[in-house]
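# Coordinate analysis (summary)
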Amino acid sequence: MDKSRQDELLKLAHRLADTARQETLRYFRGGGLETSNKLEDGFDPVTVADRAAERVMRDLIEAERPDDGILGEELGNKASTSGLTWVLDPIDGTRGYISGTPTWGTLIALHDGAEVIMGMIDQPYIGERFIGGFGQATFTGPHGGNVLATSRVENLSEAKVFSTYPEVGTLADAKAFGAVASKCQLTRFGMDCYAYALLAAGQIDLVIEAGLQPYDIQGPIGVIEAAGGIVTDWTGGPADQGGRALAAATPELHAQALAILSTHV
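What comes next concerns the included structure. Everything quoted here is computed from the prediction, not taken from an experiment. (Residues numbered from 1 in each chain as written. Predicted model: local features only at pLDDT ≥ 70, side-chain atom pairs only at ≥ 80, totals over all residues. Heavy atoms only, no water.)

## Remarks on the pattern of salt bridges
Note the cut-off: Between Lys or Arg on one side and Asp or Glu on the other, a salt bridge is scored when a side-chain nitrogen of the former is within 4 Å of a carboxyl oxygen of the latter. Burial classes: relative accessible area under 20% of the type maximum marks a residue as buried, over 50% as exposed, and values in between as partly exposed (1.4 Å probe, protein chains only).
The final tally for this structure, using the stated rule, is twelve salt bridges. The residue Asp68 makes a salt bridge to Arg65 at a minimum N-O spacing of 2.4 Å. Given a relative accessible area of 1%, Asp68 falls into the buried group. Relative accessible area serves as the criterion here: at 13%, Arg65 is assigned to the buried category. Sharing partners across several salt bridges, the network here consists of Asp18, Arg21, Asp122 and Arg129.

## A short note on the sheet that holds strand β9 (residues 136-141)
Definition in use: Any two strands with at least two DSSP bridges between them are considered paired. Starting at the N terminus, helices and strands are each numbered in turn, a helix being any DSSP run of H or I of at least four residues and a strand any DSSP run of E of at least two. For helices, the fitted axis covers only the stretch in contact; all axes are lines through C-alpha atoms, and the angles between them, taken along N-to-C directions, range from 0 to 180 degrees.
With respect to topology, eight strands assemble into an open sheet ordered β4-β3-β5-β6-β7-β8-β9-β10, the strand pairing being mixed. With partners counted over all chains shown, the strands left at the sheet margins are β4 (76-78) and β10 (144-147), one partner each. Strand-to-strand twist in this sheet, taken as the mean axis angle between neighbours without regard to direction, amounts to 10 degrees. With six bridges connecting them, strand β5 (residues 85-92) and strand β6 (residues 105-111) associate as antiparallel partners.

## Observations concerning the side chain of Ser163
In this structure, Ser163 sits in strand β11 (residues 160-163). For Ser163, a relative accessible area of 3% gives the class buried.

## Comments concerning the nonpolar core
Heads up, the rule is: Among the buried residues, those of types Ala, Val, Leu, Ile, Met, Phe, Trp, Tyr and Cys that are joined through side-chain atoms within 4.5 Å form a nonpolar core. Should any heavy atoms of two residues lie within 4.5 Å, those residues are counted as being in contact.
If you look at the biggest cluster of nonpolar residues, it comprises 31 residues, and the most contacted ones within it are Ile121, Tyr196 and Val207. Counting residues per element, this core draws most heavily on helix α5 (residues 194-200), at seven residues. Setting aside anything within four residues of it in sequence, one finds Tyr196 in contact with Ile121, Val207, Glu209, Leu212, Ile217, Pro220, Ile224, Ala245 and Ala247. Ranked by size, the runner-up nonpolar core spans 22 residues in total, among them Leu9, Ala20, Met118 and Met120.

## Describing the sheet that holds strand β13 (residues 206-212)
Sheet architecture is open: five strands sit in the order β12-β11-β13-β15-β14, paired in mixed fashion. Both edges of this open sheet fall to β12 (186-189) and β14 (230-232), since each of them pairs with a single strand only. Averaged over all pairs of adjacent strands, the angle between their axes in this sheet comes to 15 degrees, without regard to strand direction. With four bridges joining them, β11 and β12 adopt parallel strand pairing. Pairing of Lys160 across the sheet is with Leu186, part of β12.

## Things to note about helix α1 (residues 3-27)
For clarity, the cut-off: In a helix, the anticipated span is given by 1.5 Å times the number of residues less one.
The first and last C-alpha atoms of α1 sit 37 Å apart over 25 residues, in line with the 36 Å expected at 1.5 Å per residue. For α1, the full list of buried residues reads Gln6, Leu9, Leu10, Leu12, Ala13, Leu16, Ala17, Ala20, Arg21, Glu23 and Thr24. Of the residues one or two after α1, Arg29 is the one with positive phi, at around 60 degrees.

## Quick look at the packing of α1 against helix α2 (residues 48-64)
Selection rule: Put simply, angles under 35 degrees are roughly parallel, angles over 145 are roughly antiparallel, angles from 65 to 115 are roughly perpendicular, and the rest are oblique. By the definition used in this description, the sense in which the near helix is turned from the far one sets the handedness, with an anticlockwise turn below a right angle giving left-handed and a clockwise turn giving right-handed.
For the pair α1 and α2, interaxial distance at closest approach is 8 Å and the crossing angle is 155 degrees. Taken together, the axes of α1 and α2 lie roughly antiparallel to each other. For the pair α1 and α2, the sense of crossing is right-handed. Residue-level inspection shows Leu12, Arg15, Leu16, Thr19, Ala20, Glu23, Thr24 and Tyr27 of α1 in contact with α2, the latter providing Val48, Ala49, Ala52, Ala53, Val56, Met57, Leu60, Ile61 and Glu64.

Structure follows, in structure tokens:
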């Protein structure tokens, strides 16, 4: 893919994030946010903001690149005839969104049918945007911008590990996570997609999760891999289709965590 086409796709990704920002901020920390539950047994919330943000992104893609596919969390799948698919999660971390925490974000990825070629994590309320792909790994925020680079931590004993939920996935998944976390310096929960952004920025060293969908992980894959990190499933295979994910700052750290997780798969 030539640079002019790459630049065109990056510009569109930024425009998608800009339009989603307007919709998500319209409702965030406001009164009367319309929320419904997607589960009969359990709680998986979706809000009017989720649907509105995905709709404006899809409309922009349809207008600008009608042959591209779209896979979104809320509004389904449109097959690609160009070979490229935009993968959208309008609000990753809806539980945090409805609770007023600024740890949710909009995830955007571009997949070429074989792998993720670009990813973006955008946090509208803080004003931070992390992007990786096409030879760049950068972020912008309240303090300006800079290049993204993962940490150089190589040992679990020095690592900071994050996951969204203490229970991670199944009871077996939680046990596997605990086996890794018990060897780490620090364990924290509840950051949703923001944890992946922190890993790409070199603030933390590991993210371990389970029960993911493609739209949960493809944006982070693009950002983290561009920043020098590694993202696989718990057997070392591709993680772009969801399921269990292990994101690590360095190959050495990834290998140590994988050695533990793989015995629980």
